[in-house]
Amino acid sequence: SVLSNRISADIAQLYETRYGMAIPEWRVIAVLAKRPGLSATEVAQRTAMDKVAVSRAVSSLLDAGRIQRDIDSDDRRKSVLRLTDAGKAVYEDIAPQALAYEQRLLGALRNDERQALDRLLARMEQLTAEADRAERAARAAANAAASTP
């Protein structure tokens, strides 16, 4: 949406200027800060970014030494991502500023406006989750139909 892009662009100025990172790299760092040990596919799911964008961001962050890739101890076929100390430092620098920016925006809303926004965002989250489940089910059914002789 226009608002989402505007907010992302405003916050992006912080990490672009200081760290030379683009929005996809920041999203990967933010997710891994909260959920270390995710695979790139899981990062893509949590950020709603396509796999190609996540792959490019992961490569850039690996090259910059901000994340590391390890083999999952439970499933040796799976690689997982974690922030390095450098990645944690970026997060610890930028996250409080991004949250303060969010609080300034939300602080300008009246209580009833904030409650309405929270309800609408929760509803949109529910609808997108339902749409994702329906899309996965349709793909699975199509794949099953295609593999049936």
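Before reading on, note that the structure itself is shown above.
About the cut-offs
Residues numbered from 1 in each chain as written. Predicted model: local features only at pLDDT ≥ 70, side-chain atom pairs only at ≥ 80, totals over all residues. Heavy atoms only, no water. Helix = DSSP H or I, 4+ residues; strand = E, 2+ residues; numbered from the N terminus. Areas by Shrake-Rupley, 256 points an atom, 1.4 Å probe, with all protein chains shown as cover. Lys, Arg positive; Asp, Glu negative; His and termini not counted. Charge placed at Lys NZ, Arg CZ, Asp CG, Glu CD. Contact = heavy atoms within 4.5 Å. Buried < 20%, exposed > 50% of the residue type's maximum accessible area, 1.4 Å probe, protein only. Phe/Tyr/Trp six-rings, centres within 6.5 Å; stacked < 30°, edge-to-face > 60°.

J.: I'd love a proper account of the overall build of the protein, names of residues and values included.
T.: A tally of helices and strands in the protein yields six helices and two strands. Starting at the N terminus and walking to the C terminus, you meet the elements of the protein as α-α-α-α-β-β-α-α. Expressed as lengths along the three principal axes of its C-alpha atoms, the size of the protein is roughly 60 × 40 × 25 Å. On the protein, roughly 10,100 Å² of surface is accessible, and the fraction owed to carbon and sulfur atoms is 52%. A distance of 2 Å separates the average location of the 23 positive side-chain charges in the protein from that of its 21 negative side-chain charges.

J.: Lay out the environment of isoleucine 23 in plain terms, naming residues and giving numbers.
T.: Along the chain, isoleucine 23 turns up in helix H2 (residues 23-34). Sequence separation between isoleucine 23 and serine 8 is 15 residues; the distance between their C-alpha atoms is 7.3 Å. The residues touching isoleucine 23, leaving out its near neighbours within four places in the chain, are Ser8, Ala9, Ala12 and Tyr15.

J.: Tell me about unusual backbone geometry, residues and numbers included.
T.: In this model, alanine 48 sits at a positive phi of 60°, which is unusual for a non-glycine residue. As for its position among the elements, alanine 48 is in the loop between helix H3 (40-47) and helix H4 (51-63).

J.: Kindly report on the environment of isoleucine 29, identifying the contributing residues and their values.
T.: Its place among the elements puts isoleucine 29 in helix H2. We classify isoleucine 29 as buried; its relative accessible area is 0%. Note: C-alpha distance between isoleucine 29 and alanine 57 (28 residues apart in sequence) is 9.4 Å. Setting aside chain neighbours within four positions, we find isoleucine 29 in contact with Met21, Leu61, Arg66, Leu83, Gly87, Val90 and Tyr91.

J.: Which residues make up the packing of aromatic side chains, and what values do they have?
T.: In total, this model carries two aromatic pairs according to the counting rule given. With centroids separated by 5.4 Å and ring planes inclined at 20°, the aromatic side chains of tyrosine 15 and tryptophan 26 adopt a geometry described as stacked. Here the residue tyrosine 15 occupies a position in helix H1 (residues 2-19), and tryptophan 26 occupies one in helix H2, the gap between them amounting to 11 residues. Accessibility assignment for this pair places tyrosine 15 and tryptophan 26 in one class, buried. Arranged with centres 5.9 Å apart and planes meeting at 15°, the rings of tryptophan 26 and tyrosine 91 form a pair that is stacked.

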